Amino acid sequence: MFDKLTSCPLPSLNALRAFEAMARTGRATLAAAELHVTHNAVSRQVKALEAALGVRLFAGPKHRLELTPAGQQLLPALTGAFDMVSACASVLATT
């Protein structure tokens, strides 16, 4: 599903963060507030990520978006990765 990743550069970290926050919270507005950016910035980043990956991550009308199978596959991996980065940062902050 994500075969393009082996032949192209990694997607933008901001786009990955925007997707993860939007998928986890269920809304671009909530993701924007969490990331301290605008709703439009989140939407643009998610669209850019979809273009980079070559797959749709969300489907449905704007106010009732649902994760596609690709989005469902990507979300837990990204959430886990961001949780690990946060844990590493916490360890470094206490030393």
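For the structure, check the block above.
A quick note: this is a predicted structure, and the numbers were derived from the prediction, not measured.

> Would you explain helix H4 (residues 69–93) in this entry?
Residues separated by three or four positions in an α-helix point in the same direction, a consequence of the helix having 3.6 residues per turn. The end-to-end C-alpha distance of H4 is 37 Å, a good match for the 36 Å that 25 residues give at a rise of 1.5 Å each. All of the buried residues along H4 are Ala 70, Gly 71, Leu 74, Leu 75 and Leu 78. Against helix H1 (13–25), helix H3 (39–53) and strand E2 (66–67) lie the buried residues of H4.

> Got a minute to help me understand the nonpolar core in this structure?
The biggest cluster of nonpolar side chains holds 22 residues, and the ones touching the most others in it are Phe 19, Val 42, Leu 49 and Leu 57. Where this core is concerned, the elements lending two or more residues are H1, helix H2 (28–35), H3 and H4. Of the residues forming this core, the biggest block, seven residues, is contributed by H1.

Parameters and conventions
Residues numbered from 1 in each chain as written. Predicted model: local features only at pLDDT ≥ 70, side-chain atom pairs only at ≥ 80, totals over all residues. Heavy atoms only, no water. Helix = DSSP H or I, 4+ residues; strand = E, 2+ residues; numbered from the N terminus. Expected span 1.5 Å × (residues − 1). Buried < 20%, exposed > 50% of the residue type's maximum accessible area, 1.4 Å probe, protein only. Contact = heavy atoms within 4.5 Å. Core = buried A, V, L, I, M, F, W, Y, C linked by side-chain atoms within 4.5 Å.

These values are about where atoms sit, not about what they do.
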